[in-house]
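The primary structure of each chain is shown beneath.
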Amino acid sequence: MMRPSSSRPLRHALAQPSALRPLPRTSRSLHSTCYRLNGHRASLEGSSTVNADEIAHFSRLSSLWWDETGEFGMLHKMNPVRMQFIKEKLLEIRREETDDDVEEGTVLRGLDVLDVGCGGGLLSESLARMGATTLGIDASESNIAIASLHASADPSLDITSAALSASSSHLYPGVKGKGRLVYENTSVENLLARRGPASFDVVCFMEVLEHVDNPRAFLDSCAQLVKPGGHLFLSTIARNPLSYFLTIFTAEKLLRFVEPGTHTYSKYVNPSEIISYFQTYRSPLSTAVRSAGTPWIGRVANGVPARVEAETRGIIYVPWNGEWRLSPRGEGWSEWCNYLFWVRRPKE
Amino acid sequence: MLVTTQRLTAKTIRKHLSRSAARQYASSSNVEHSDVVIVGGGPAGLALAGALGSSKVVQESMRVTLIEAGDLSKTKAWQLPPDAFSNRVSSITNASQQFLRNIGAWSYVDETRTGPVEEMQVWDGVSGARITFSAAEMSLGGQTVSELSRLTENLNLQRALLRKLEESSSVEVVDKVKVESITTDDREGSPWPLLHLSDGRVIRARLLVGADGFNSPVRTYAGIQSYGWAYDTHGIVATLFHAPRSPFMTPNTVAYQRFLPTGPIAFLPISETASTMVWSTKPHLANALKAVQPSVLVDMVNAAFRLPEVSMRYLHDRLIEAHNGGTPITSEQLREEILFREHSHSIDTHSALSSLSAAAEAGIPPEGSESYPPLVKSIQPGTVASFPLRFSHADSYVGEGKGSRTVLIGDAAHTVHPLAGQGLNLGLADAEALAKCIHDSASRGGDIGSYTSLMPYSRARYFENHKMMSAVDKLHKLYSTTAMPIVWARSVGLEVANELDTLKAALMVSAGSHRLDRTPGSIGVGLAASTLENVAKSISDAQVVGQVASGVVQSGLQQLFRTLSSRR
């Protein structure tokens, strides 16, 4: 069966119910609920880019997150490619800046990483295994529950989700390479309000942007959370007839590979749109730095940003291999459907 | 596919979580964690452990445990005098050797006990049609190779792998311990295998590897079915002693295989004066051959490589008759029979075809000596053994559902007829592919026990193994017949094959003599195997055509070979 290159849409829910409402710069609500066994109900009414319908959709599917041959199979297959891209870019920049030989396996070790819209925790677990101190957030309470439950079964993950933290760390002798992992049922706006800007070395939001109602506002919140010199990674779907054909017509309508209604064509974002967003985006004034920052993307030639500032790379599903492939740099046509994007916050 | 959405509310999950947390405390006293648990300390399991032990990523982030019921310290201390050999010998292909070098195990192999194969001679026992492969003709991938493969005692290889493993701190080798049961720990809805060992330990495995042979308990646990059948054939192995080759001939580096209707007999050189035999034959013949005196078996082996097929059939009958009569045939009786048959075929007692040649090793050897293995003089005591041959292939290499986090390698995944000497090589290739798959997944932070992480292994090996296995199976069946049209067709097949570089190169690859690289355009096992399949198919077609004018078949075959060579 031809599996079209639609990602299994992760609907992490991040958009407001009434679209087009402008995003407030400061979040109004502080309702972020750390997932606990004794359980608080998450309340996200006050947050701004979370879309209630999207949350409902993904909450309904939440128990299927870890069925690798089911609904989210394509996403499981996509995960290694995302990790590859994240590792490659971090390594490239690290090597650019130090003369020391940086080992590939250690590039994420000790970094503070935020995974926005973590869903069942596919990416978060991988990040934590690579040694990153990982925070996965999702607006769906049941996603967070599923993610915590799954991670607690894995002794290589040090999941500090309230009561479990005590047990999992010394449970099994001989466990190596633990990564710290925390899940939280909150929105990115709430997190920003609580933790303040410049809190993370790496912020990721994979297959999330196409599910939010106000992408500019969402991008803004995510970008604020990045430390100077830190990295922002995202993956999403470009908006053009091909991507409509593959992700909506073929995947949803024809093959029913993805539940109809998963994708909304108008919410797709083109690489050029993200690039131009970051060409004008400057980090807001902070107390430490008096002057406004420089734009995140300063140099663009023929629509391609400088390699050390930002990069887009297409990812293509190869049905006969049953794998996603990260396209080589400069293969522009490959970005016509699913693509990854990386940008770095200037050091200032 | 309709997805039944099992609605797990946050509340029920929380309940579940606290319950499982309580259970974790209860069981934490004796449950250990291991990332990779390999069950079975045979060559494939040891090679996987060795490959994992040599990967830096694995060393840093994982714990690997190998469990073997037998006593591995005996294997580690295994020693034989230089002129004695174990009867289990495998043809290690260049590809397998390269893999063993890469993981640092080959340097522990005692090379003085191994025999290079520089040439292979294969012939049809009925028609005499013959093909020859030699390393000198090999220049695939622009690289010349000095040997087609290297005959190595399995114990020599296992000892090397064990010594290599001693260096590795990330691999724990547990021997003399049985896996008593495997249960499922599915507290979070994702099942993890729990191994209960005979020494009381309980290990929770992220990934459970079945390297536990044909009757794999891991395969049973994983709920994976295996498809196959037993051939009506047993393989007899023995270590043969013979005089060194005369200085006028190439040294003992030629492997010989004759296809008899009862099954192929192979002569595999391991030193200048010793070789191993693998004789596949009908079970009742195998029993009779095992029961006779060693000197009788010696003459039978010599005859099996030389005497015309019709006379071999006669000797088989005599042997069975005497065996069933309770008075096994004596050496004198057999020699008399052989002499008589040779005489009636007008085989001169001094020719290369004579099994009882008086022409000693001294002097110039008779013409055609290089077409036959050296005359066997004796058999190393205690090395005659036999085993049933079977074809089996697991439906899948990776467990799903209840049997998640399991994977099969080596004989647990597949068993194959030994005629191409591929069994062990397929197992080593599995180990190499699985180690790579684990390495790749781990270096991207993946869960190496997950289905998605294991898929690349399955994709890399399943179809490759299947092609090789079915090609070998077809060859076995093809040569088990004496029906004239088929014998004729296959002889043409073999002789035409001798003329065709492409086909030969492909066949040599199928014998595993060249390292496979995945670059397009290189001849891989795939082409080789499909070539064999095509030959086999065209010949079974020939069976149907049967009486039809031979020209039709011939042109069909020619066309086939043209297609094959132009495919290059």
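Residues numbered from 1 in each chain as written. Chains lettered and ligands numbered in written order. Predicted model: local features only at pLDDT ≥ 70, side-chain atom pairs only at ≥ 80, totals over all residues. Heavy atoms only, no water.

As annotated in an unreviewed UniProt entry, chain B is Ubiquinone biosynthesis monooxygenase COQ6, mitochondrial from Cristinia sonorae. The record in UniProt for chain B states the following under Subunit (unreviewed entry): "Component of a multi-subunit COQ enzyme complex, composed of at least COQ3, COQ4, COQ5, COQ6, COQ7 and COQ9." What the UniProt record of chain B gives under Cofactor (unreviewed entry) is the line "FAD". (UniProt positions renumbered as here; feature names shortened; annotations may be inferred.)

The name given to chain A in an unreviewed UniProt entry is Ubiquinone biosynthesis O-methyltransferase, mitochondrial, with Cristinia sonorae as the source organism. On record in UniProt, under Sequence similarities (unreviewed entry), the comment for chain A is "Belongs to the class I-like SAM-binding methyltransferase superfamily. UbiG/COQ3 family."

Quick word on the pairing of strand β12 (residues 338-344) of chain A
All names here are of chain A. Taken across its seven residues, β12 has seven buried, putting it largely inside the fold. Of the two faces of β12, the one carrying N338, L340, W342 and R344 and the one carrying Y339, F341 and V343 are both buried. In this sheet, β12 lies alongside strand β7 (residues 226-237) in antiparallel orientation, the contact comprising seven bridges. Looking at β12, one finds that I237 is bridged to N338. For strand β10 (residues 310-318) and β12, the ladder comprises five bridges, and the chain directions are antiparallel. Along β12, the bridge assignment pairs R313 with L340. (Buried < 20%, exposed > 50% of the residue type's maximum accessible area, 1.4 Å probe, protein only. Helix = DSSP H or I, 4+ residues; strand = E, 2+ residues; numbered from the N terminus. Pairing = 2+ DSSP bridges.)

What about the UniProt feature "binding site: Mg(2+)" (unreviewed entry) in chain A?
Residue and element names in this part refer to chain A. Under the UniProt annotation, the feature "binding site: Mg(2+)" (unreviewed entry) is placed at E207, E210 and H211. For E207, the location among the structural elements is in the loop between β6 (200-206) and α7 (215-224). In this structure the side chain of E207 is engaged in a polar contact, spanning 2.6 Å, whose partner is the side chain of S235. Along the chain, H211 turns up in the loop between β6 and α7. (Polar contact = N/O pair within 3.5 Å; in protein donor to acceptor, adjacent residues only side chain to side chain.)

Thoughts on the packing of aromatic side chains
Residue and element names in this part refer to chain A. Considering all chains together, one arrives at 22 aromatic pairs over all chains under this definition. Ring centres 5.8 Å apart and planes at 85 degrees place the aromatic pair F85 and F233 in the edge-to-face group. Here the residue F85 occupies a position in helix α2 (residues 73-97), and F233 occupies one in strand β7, the gap between them amounting to 148 residues. Measuring from ring centre to ring centre gives 5.8 Å for F278 and F341, while their planes differ by 20 degrees; the resulting arrangement is stacked. Remark: F341 occurs in strand β12 and F278 occurs in helix α9 (residues 271-280); sequence separation between them is 63 residues. F341 matches F278 in its accessibility class, with the two residues each being buried. (Phe/Tyr/Trp six-rings, centres within 6.5 Å; stacked < 30°, edge-to-face > 60°.)

Structural notes on helix α5 (residues 94-102) of chain B
Residues and elements named next belong to chain B. Looking only at α5, the buried set comprises N94, A95, S96, Q97, F99 and L100. Its buried side turned inward, α5 meets α2 (43-53), β3 (89-93), β7 (149-153), α6 (154-167) and α12 (423-442). Positioned one or two residues after α5, G104 has a phi angle of 75 degrees, which is positive. (Contact = heavy atoms within 4.5 Å.)

Side note on the UniProt feature "binding site: S-adenosyl-L-methionine" (unreviewed entry) in chain A
Residue and element names in this part refer to chain A. UniProt's entry tags R82, G117, D138 and M206 with the feature "binding site: S-adenosyl-L-methionine" (unreviewed entry), counted in the numbering of this structure. Structurally, D138 can be placed in strand β3 (residues 133-138). A polar contact is formed between the side chain of D138 and the side chain of N143, at a distance of 3.4 Å. Among the secondary structure elements, M206 is positioned in strand β6. For M206, a relative accessible area of 2% corresponds to the buried category.

So, the pattern of salt bridges
In total, this model carries 43 salt bridges over all chains according to the counting rule given. Of the charged contacts, one joins R109(A) and E60(B) as a salt bridge, the two residues approaching to 3.9 Å between their closest N and O atoms. Here E60(B) lies in helix α3 (residues 56-61) and R109(A) lies in the loop between α2 and β2 (112-116), a pairing that spans two chains. Between E309(B) and R313(B) there is a salt bridge, with the nearest N and O atoms lying 2.8 Å from each other. Here the residue E309(B) and the residue R313(B) both occupy positions in helix α10 (residues 309-324), the gap between them amounting to four residues, near one helical turn. Residue R313(B) is classed as partly exposed on the basis of its relative accessible area, which comes to 43%. Salt bridges linked by common partners bring E88(A), K89(A), E92(A), E96(A), R307(A), E311(A), R313(A) and R329(A) together as one network. (Salt bridge = Lys/Arg side-chain N within 4 Å of Asp/Glu carboxyl O.)

Some points on the confidence of the model for chain A
Residues and elements named next belong to chain A. In the predicted model, chain A carries a mean pLDDT of 77, and 76% of its residues have values of at least 70. A low-confidence stretch, residues 1-46 (pLDDT under 50), is modelled with 176 contacts involving residues beyond four sequence positions or located in other chains. Every residue in residues 161-174 is under pLDDT 50, and counting partners more than four places away or in other chains gives 37 contacts. (pLDDT = per-residue confidence, 0-100.)

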